[in-house]
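Structure assessment
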Amino acid sequence: MSTLSFESLCLKDDDFPSPTQPQDTEDEFDTDLESDEKEESNKQMSISELYLQACKLVGVVPVSYFVRNLDSTTMTLNHHGLGPLGCKALAIALVSDMHINTLELADSDIQAEGAKYLVEMLRANFTIQHLNLSNNHLQSAGAEYVAKMLLDNISLKSIKLSGNGFTDDDAKYFADALSTNSRIKELDLSHNEFCGKGGEHLGQLLANNEGLEVLDLSWNHLRMKGAVAFSAGLKVNMMLKYLDLSWNGFGNEGALAMGEALKFNNTLVHLNLNNNRLTNEGVGMLCRGLEFNDTLRVLLLAYNSLTVEGALALVNVVKNTPKTALEEINICNVLVHENFVHLLEVTCQEHPGLDVQYGGVGGFISKKPPKRVDPMKVIQDYLDQRKLRLWDFFRNIDKDGTMRVPVADFRKAVQQSSIPLERYQIEELIQRLDRDRTGMVDYRGLADTRKQMMRDHRRQLRKVESRQKKEKQKSDRILKTFQSAVEAVTPRSSMVISPGGAKDDSGGPQHFSATPLSSWHHIVMSNSSRYSVTNLSSEHVHLPMLGGTTPYRPTSSPAIRSYSQPNLLDDSPRSAPDKSVSAQGIRSDPEMGHSKLSPTANHLTRSRPALNGKQPEVKAKTKKAKKKKTTKHVNKGSKNSTQAVK
């Protein structure tokens, strides 16, 4: 079968009669309206004939729906089973189409090969604005083709890529493509296989993109590190309005990072966190961010492990935050109680637009059952408060001092005393002190258990302290990870300027590419290591524009390296010898641009801070201190000598 190109098949239009060619002498009397109608009909016929001819040459059965609906602006070919070759014939026909602006090809099995043909078609077609390629088994090869198309295309506004088996590595294609494409407003990447690494790349996408407004990432696996890194990108994003993260398993760790992001994000209006394994603790962390947010209107938290406690926390944060914009909260699977309903009514009086969807009335606050008090401990506490001994308490019934008394006498003595024991506790105590059912209670067991009870109490306190310490360490670790990820996607911390690189251009936009977030846990921002260099990869670095409109593309020049330690080998003549360059590409000395190069400077001073003026003074002080010490020793020696003379 012969292969076809777009150019060869587009030339087939010349075989059809031209709409402007005179057909008869009667056409001279046609009106302009009639000529336009004929031209439009001939154009439609030309596209349909081109499609039929392409199907014949490629060897596929034409889709009659396409031929019948060429006059519609929306072409819906979902579930038609086009396959790669059918998509090729369709792409050939759409090259010259100027009418269709929405193309629906979901579940058509076009695969990566069909995506390649569509990419070639979109290089010539600037009419299609909305493209749906969901459930087409594009895989990694298709992701690469689509990413290349996003780099060049200027007409697409929305693209749906749900259910195509994309993995973590494929997320990098979209992150790189959408870092420069600000025309895409809606992106659907749901039902794919993005995990932790994919969340890092998608967080980089949010940090760099300046046009995306709707993002659907539902039904992926963004959790733990991926959720934290994605939330870090959301913190610095300035355009996203609708975000769907349902069915991802964010967990409480992701909720903590999302709460931190909501403190600073001022554009997001719709957030879907349905079925993300959030508990009441996670909702509490999320509420910390809602206290500072004044733009979020819709918050969906259905099908999480919430109780009425989490519901109360959400309503309380709305009630106590006057500037909140929340209008809808969905917790439709949570049963509430009357106190919640009353609190909601009071809150709605202050916020009339608030709508909270809950499961119904009949819930309760989950509480642990009261711990059963040990009757032996009750008796010991009673004796300690009154400073009594066991023998003092039982001496009226144990006149022989054997510390063994009948069960009936023991029961009567305890009941007549003021010890706060219930009847079932007394029976339990008797069973423990008379295990062999001899009818005699040996109350020496009360004294023997005192030390054991104290040990148990201390052990319990240590467990509680250890659990609280672990929870605090976990929260601190997540926050540190979040801050490191934010620093990795922030423009100032993700840009490396090599010695002798471009000067700061404050007049134009700064193009940058964030550091891969997989290295955020290696970044340690310490006050003591001010001049440390972050481990960045040169293949992810974009320098500011050099006055033109085309961003600078990094090459394999030795000026740009992947630094893991200060640069001690670069002898570039443009960098000052006595000042350092930080990992963020910002000179540590504001007067760096005005410093002159010293001819006697060596290459080691370029990665070290210049010695300040205070260090010699410190050395002088240490010398004085030594002198004082020596004088003291001399004085002591003189005193000893005078005493010997005496």
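Preceding this section is the structure that the text describes.
Residues numbered from 1 in each chain as written. Predicted model: local features only at pLDDT ≥ 70, side-chain atom pairs only at ≥ 80, totals over all residues. Heavy atoms only, no water.

**Structural notes on the overall build of the protein chain**
- When you go through the protein chain residue by residue, the secondary structure sums to 19 helices and 13 strands.
- The 646 residues of the protein chain split such that 43% are buried.
- Carbon and sulfur atoms provide 52% of the accessible area of the protein chain, an area that totals close to 35,900 Å². (Helix = DSSP H or I, 4+ residues; strand = E, 2+ residues; numbered from the N terminus. Buried < 20%, exposed > 50% of the residue type's maximum accessible area, 1.4 Å probe, protein only. Areas by Shrake-Rupley, 256 points an atom, 1.4 Å probe, with all protein chains shown as cover.)

**Overview of the nonpolar core**
- Counting residues in each nonpolar core, the largest one holds 108 residues, and the members touching the most others are Phe66, Leu103 and Leu161.
- Setting aside chain neighbours within four positions, we find Leu161 in contact with Leu133, Ser134, Leu138, Val146, Phe166, Phe174, Leu187, Asp188, Leu189, Ser190 and Asn192.
- Tyr382, Val407, Ile430 and Leu433 belong to the second largest nonpolar core, which has 19 residues in total. (Core = buried A, V, L, I, M, F, W, Y, C linked by side-chain atoms within 4.5 Å. Contact = heavy atoms within 4.5 Å.)

**Remarks on the packing of helix 10 (residues 251–262) against helix 11 (residues 280–290)**
- Relative orientation of the contacting elements helix 10 and helix 11 amounts to 10°, with a least axis distance of 7 Å. Taken together, the axis directions place helix 10 and helix 11 in an arrangement best described as roughly parallel. Seen from helix 10, the contacting residues are Asn252, Ala255, Leu256, Met258, Gly259 and Leu262; seen from helix 11, they are Glu281, Gly282, Met285, Leu286, Arg288, Gly289 and Leu290.
- When its residues are assigned to classes, the contact of helix 10 with helix 11 shows seven nonpolar, four polar and two charged. (Axes fitted to C-alpha atoms, helices over the stretch in contact; angles between N-to-C directions. Parallel < 35°, antiparallel > 145°, perpendicular 65-115°, else oblique. Nonpolar A, V, L, I, M, F, W, Y, C, P; charged D, E, K, R; others polar.)

**Focus on the pairing of strand 10 (residues 328–336)**
- Across three bridges, strand 9 (residues 298–300) lies against strand 10 in parallel orientation. Looking at the pairing, Leu299 lines up with Ile329 of strand 10.
- In this fold, strand 9 hands off to helix 12 (residues 308–319), which returns the chain to strand 10; that crossover is right-handed.
- The pairing of strand 10 with strand 11 (residues 355–361) spans six bridges and is parallel. Bridged to Ile331 within strand 11 is Tyr358.
- For the crossover that starts at strand 10, traverses helix 13 (residues 338–350) and ends in the parallel strand 11, the hand is right-handed. (Pairing = 2+ DSSP bridges. Right-handed = clockwise from strand over helix to strand, strands pointing away.)

**Observations regarding the sheet that holds strand 10**
- Within the open sheet, the 11 strands sit side by side as 1-2-3-4-5-6-7-8-9-10-11. Their pairing is parallel. Each edge of the sheet is formed by a strand with only one pairing partner; in this case those strands are strand 1 (74–76) and strand 11. Neighbour-to-neighbour, the strand axes of the sheet open up by a mean angle of 5°, direction not taken into account.
- Where strand 8 (residues 270–272) meets strand 9, three bridges bridge the pair, whose relative direction is parallel. Opposite His270, over in strand 9, you have Val298 as the bridge partner.

**A short note on the side chain of Asn136**
- Take Asn136: it is sitting in the loop between strand 3 (130–132) and helix 6 (139–152).
- For Asn136, a relative accessible area of 0% corresponds to the buried category.
- Of note is the side chain of Asn136, whose polar atom sits 2.9 Å from the backbone nitrogen of Asp109.
- What Asn136 contacts, discounting residues up to four positions off in sequence, is Leu105, Ala106, Asp107, Ser108, Asp109, Ile110, Gln111, Gly163 and Asn164. (Polar contact = N/O pair within 3.5 Å; in protein donor to acceptor, adjacent residues only side chain to side chain.)

**Details of helix 10**
- Under the 1.5 Å per step criterion, the end-to-end length of helix 10 is 16 Å for 12 residues, consistent within 8% with the ideal 16 Å.
- Where helix 10 is concerned, the buried positions are Gly251, Asn252, Glu253, Gly254, Ala255, Leu256, Ala257, Met258, Gly259, Glu260, Ala261 and Leu262. (Expected span 1.5 Å × (residues − 1).)

**Here's the deal with the pattern of salt bridges**
- What the rule picks out here adds up to four salt bridges.
- The salt bridge involving Asp176 is made with Lys172; its shortest N-O contact spans 2.9 Å. In this pair, Asp176 and Lys172 are both assigned in helix 7 (residues 168–178), four residues apart and thus about one turn of the helix distant.
- Classification of Asp176 by relative accessible area gives partly exposed; the value is 32%.
- On the accessibility criterion, Lys172 (28% relative accessible area) is partly exposed. (Salt bridge = Lys/Arg side-chain N within 4 Å of Asp/Glu carboxyl O.)

**Structural notes on the packing of helix 5 (residues 111–122) against helix 6**
- Here helix 5 crosses helix 6 at 10°, and the two axes come no closer than 8 Å. Relative to helix 6, the element helix 5 is oriented roughly parallel. Together, Ala112, Lys116, Val119 and Leu122 of helix 5 and Ala141, Gly142, Tyr145, Val146 and Met149 of helix 6 make up the contact between the two elements.
- Of the residues in the contact of helix 5 with helix 6, the class split is seven nonpolar, one polar and one charged.

**Points about unusual backbone geometry**
- Unusually for a residue other than glycine, Asp109 sits at a positive phi of about 55°.
- Within the secondary structure, Asp109 sits in the loop between strand 2 (102–104) and helix 5.
- According to the relative accessible area criterion, Asp109 is partly exposed, its value standing at 33%.
- Backbone geometry places Asn275, a non-glycine residue, at a positive phi of 50°.
- Here Asn275 lies in the loop between strand 8 and helix 11.

**Considering the environment of Lys157**
- Looking at where Lys157 falls in the secondary structure, it is placed in the loop between helix 6 and strand 4 (158–160).
- The spatial distance from the C-alpha of Lys157 to the C-alpha of Gln129 is 5.2 Å, given a sequence separation of 28 residues.
- With residues near it in sequence (within four places) discarded, Lys157 still touches Gln129, His130, Arg183, Ile184, Lys185 and Glu186.

**Details of the packing of aromatic side chains**
- Counted by the stated rule, this structure contains four aromatic pairs.
- Summarising the aromatic geometry, the rings of Tyr51 and Phe66 are spaced 4.6 Å apart at their centres and angled 55° between planes, so their arrangement reads as tilted. Of this pair, Tyr51 sits in helix 2 (residues 32–58) while Phe66 sits in helix 3 (residues 64–68), placing them 15 residues apart in sequence.
- Look at Tyr51 and you get buried, because its relative accessible area is 2%.
- Here Phe66 falls in the buried class, since its relative accessible area comes to 0%.
- Ring plane angle 10° and centroid distance 4.3 Å describe the contact between Trp219 and Trp247, whose orientation is recorded as stacked. Separated by 28 residues along the polypeptide, Trp219 in the loop between strand 6 (214–216) and helix 9 (225–236) and Trp247 in the loop between strand 7 (242–244) and helix 10 bring together distant segments of the chain.
- Taking relative accessible area as the criterion, Trp219 reaches 40% and is therefore assigned partly exposed.
- Residue Trp247 is classed as partly exposed on the basis of its relative accessible area, which comes to 36%. (Phe/Tyr/Trp six-rings, centres within 6.5 Å; stacked < 30°, edge-to-face > 60°.)

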